[in-house]
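Notes for the structure review
Here is how the chains run, residue by residue.
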Number of protein chains: 2
Amino acid sequence: MNEEKILTEELNRVLEKIKLLDGGAMDKARERVDNLTKPQGSLGRMEDLAVRLAGIHGDFFPVSTRKRVVVMAADHGVTEEGISAYPAEVTAQMVANFTAGGAAINVLGRLGDVEVEVVDVGVKADLNLPGVKRARIKKGSDNFRRGPAMSRTEALQAVKIGLDCAFEAVGNGIGVLATGEMGIGNTTASSAVMAALTGYEISLVVGRGTGLDDAKLCHKQKIVEQSLALHKPDPADPIGVLSKVGGLEIAALTGLILGGAARRVPVVVDGFISSTAALAAVKLCPAVHHYLVPSHLSAESGHALLMDYLALQPYIHMDMRLGEGTGAVLAMHLLEAAARITIEMATFEDARVSNSQGKSADADLKGAR
Amino acid sequence: MNEEKILTEELNRVLEKIKLLDGGAMDKARERVDNLTKPQGSLGRMEDLAVRLAGIHGDFFPVSTRKRVVVMAADHGVTEEGISAYPAEVTAQMVANFTAGGAAINVLGRLGDVEVEVVDVGVKADLNLPGVKRARIKKGSDNFRRGPAMSRTEALQAVKIGLDCAFEAVGNGIGVLATGEMGIGNTTASSAVMAALTGYEISLVVGRGTGLDDAKLCHKQKIVEQSLALHKPDPADPIGVLSKVGGLEIAALTGLILGGAARRVPVVVDGFISSTAALAAVKLCPAVHHYLVPSHLSAESGHALLMDYLALQPYIHMDMRLGEGTGAVLAMHLLEAAARITIEMATFEDARVSNSQGKSADADLKGAR
């Protein structure tokens, strides 16, 4: 049996493990949330998140759960076409910055008590940095303007890296995962993947990335257009799309998301690139959707459209567009809040019991309902 | 000299102390933020917040600053008109819940390391609860459908309570304040204050509060309409507006915001009621605006309009409408993130120095700019 077939079968076994949420746990959580000392529904989407977290976990979601953002790093051959404001070498330099603790994701990770795991799935330079997980499949994807970004086997290998990262994390006690990435050129690959999988017009899905001017934006659109015309990727085959016009880190994030869902942990999805990986994951297995927690609305122009497509409503609106997992890590605070509200707030019954005035808070607090 | 005159002069002295931001500190912060290892502007509005925090503080905003939410509690005579889904007694019951640590604001305060101070500025019931600051001006405001909610002197007394809370907090090392409130009936008072100060149509500023049905919503609109017709409050006199159709906790929050600005600390503004207090504060002294940090967009219908009016863009979109300061406390995490990013992220120069590969990260990372 060849490697492609083995990896495909392994992936399919994971997909089969991704189940619907636990309805009983959700009912129990909804009942509790509805009985907390506040007007019903007044915590809005935080209540919905709390209920869904219970459905994912199979019980009230525990507080102070260990959290990890997995930052997948890779280079992109398509940078040869001049589609990024930054030279490709910056990928490796930023990975070094991650290991030194000086990047935005490090700062936000420390603030939010979120572990930062950096994985080299395909950085061009030989990194050899302590603190970087070495899982390089090849020295960056190939230039998909001229040929496939990677072989189907390589795409499956990248997905497997992500699956393994998720399994390892959950096996070691991580209860929440977040997606992060670093890869100069990866908004181009993400735009191509999004266009291929959604059928949206290229002008709607291609944005300025790290900061292109109008002329370069037009050029980037043309490169995506030509690449899709060259490969004609089949929207019903997400692995094929990833291999033809994706990136190694995007494929790895697809695996991470699938792996998290298979192990029943919520996966907080960062910005545009991460959301493209989520799109591929949902196309591979629609039930994955239940395990996705949105984070922020990116300033990258295709992100709002992609969030709509995925029926995810971002919680944080700060016009960020950095990637690395920065928005996802910020949103983990909201997830923790939802978990704590469920468990730590007094119910109407508790409040009656503990009411130092000796009055029944129950009747009045519930009065409106 | 009578009390009203003394309090007015005291307030005016505070207003005179509210200065524009420190331009030098903002330039210095902007320069640093622009030199951090990320594409310029890629942290979006978090960068703007970081710069403004420096302008408020007069230097880089310190990390791990002590934070406090001040929850002003009061009752509203206008509840006699049947404008709330909850009976007025719930105000006191919820204050008891705050002291027991079982309310949403307690849970979120513990999560975000934010101190919760509860102040009785006018709860109808005699509370006598340990942990509640006793500053009751009277046993709830009067029914403003029939007469003024309070005298001008009482409104000024309530403002002074807020000023004193801010001064006491900052004097004791608090570096960030947030506004919170509890008061059955206070969306009605807030709607009336907003309509009076902005001139917006009543139908646009009156919402469902804790959960009114259509018929009760119409009734609430009518009560606000009749009250404004009765008092004809002068929009150029915010204290007059607060005394005629406001509430004791709204006036106290106005004072808290003014006091925070006078002491040069950022004040994170919660939802609809808090934003109405911010509106009154800005009308008293436009420079206050620089010290306001938005938090969440409330589901209460007038809030989006009020945020637009105040030129504030909320960061968190969760459709919350609980009050207590819950949205503001969540947003303090974003404020802390902005402070930490400024100080803890590596600059391009740092990254070059610390680059373990011995390469200059500087040239390439800055290359695009």
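Note that the structure is a prediction, hence the values are computed from the model and not measured.

What to know about the sheet that holds strand β5 (residues 267-268) of chain B
Residue and element names in this part refer to chain B. As summarised here, the arrangement of the six strands in space is β3-β2-β1-β4-β5-β6, forming an open sheet in which the pairing is parallel. Where the open sheet ends on each side, the last strands, each with one partner, are β3 (132-134) and β6 (292-293). Relative to β6, β5 is paired through two bridges, and the arrangement is parallel. Paired with V267 across the strands is L292, a residue of β6. Across the face of the sheet, helix α14 (residues 326-344) comes into contact with β1 (66-74), β2 (114-122), β4 (174-182), β5 and β6 while running at roughly 160° to β4.

Digging into helix α2 (residues 23-34) of chain B
All names here are of chain B. The end-to-end C-alpha distance of α2, which contains 12 residues, comes to 16 Å, matching closely the 16 Å that a straight helix rising 1.5 Å per residue would cover. Taken together, the buried positions of α2 are A25, A29, V33 and D34. The buried side chains of α2 occupy one side of the element, clustering within an arc of 160° when seen end-on. Facing away from the buried surface of α2 by more than 90 degrees, the exposed residues are D27 and E31. Its side-chain oxygen 3.0 Å from the backbone nitrogen of G24, D22 forms the N-cap of α2.

Regarding unusual backbone geometry
All names here are of chain B. One non-glycine residue with positive phi stands out, namely S64, at about 55°. Along the polypeptide, S64 turns up in the loop between α3 (45-57) and β1. The backbone of K232 sits at a positive phi, close to 40°, despite the residue not being glycine. Here K232 is to be found in the loop between α9 (214-231) and α10 (238-245). For K232, a relative accessible area of 63% puts it in the exposed group.

Some details on the pairing of β4 of chain B
All names here are of chain B. Among the nine residues that make up β4, nine are buried, leaving the element largely enclosed by the rest of the structure. In this structure, β1 lies alongside β4, joined through eight bridges in parallel fashion. Its bridge partner lying in β4, V69 is registered against A178. Both β4 and β5 contribute to a ladder of two bridges, which runs parallel. Paired with L177 across the bridge in β5 is V267.

Details of the relation of the copies chain B and chain A
After a rotation of 180° and a shift along the axis of 0.0 Å, chain B superposes on chain A with an RMSD of 0.0 Å. Taken together, the turn and the small shift mark the pair as related by a two-fold rotation axis. Of the C-alpha atoms belonging to chain B, the one lying closest to the rotation axis is found on I316 of chain B, 2.4 Å away. A shared interface surface links the copies, since 100% of the contact residues of chain B are contact residues in chain A too.

The rules behind each value
- Residues numbered from 1 in each chain as written.
- Chains lettered and ligands numbered in written order.
- Predicted model: local features only at pLDDT ≥ 70, side-chain atom pairs only at ≥ 80, totals over all residues.
- Heavy atoms only, no water.
- Pairing = 2+ DSSP bridges.
- Helix = DSSP H or I, 4+ residues; strand = E, 2+ residues; numbered from the N terminus.
- Contact = heavy atoms within 4.5 Å.
- Axes fitted to C-alpha atoms, helices over the stretch in contact; angles between N-to-C directions.
- Expected span 1.5 Å × (residues − 1).
- Buried < 20%, exposed > 50% of the residue type's maximum accessible area, 1.4 Å probe, protein only.
- Arc of directions from axis to C-beta.
- Polar contact = N/O pair within 3.5 Å; in protein donor to acceptor, adjacent residues only side chain to side chain.
- Least-squares fit on C-alpha atoms with pLDDT ≥ 70 in both.

Note that all results are geometric; they support no functional claim without further evidence.
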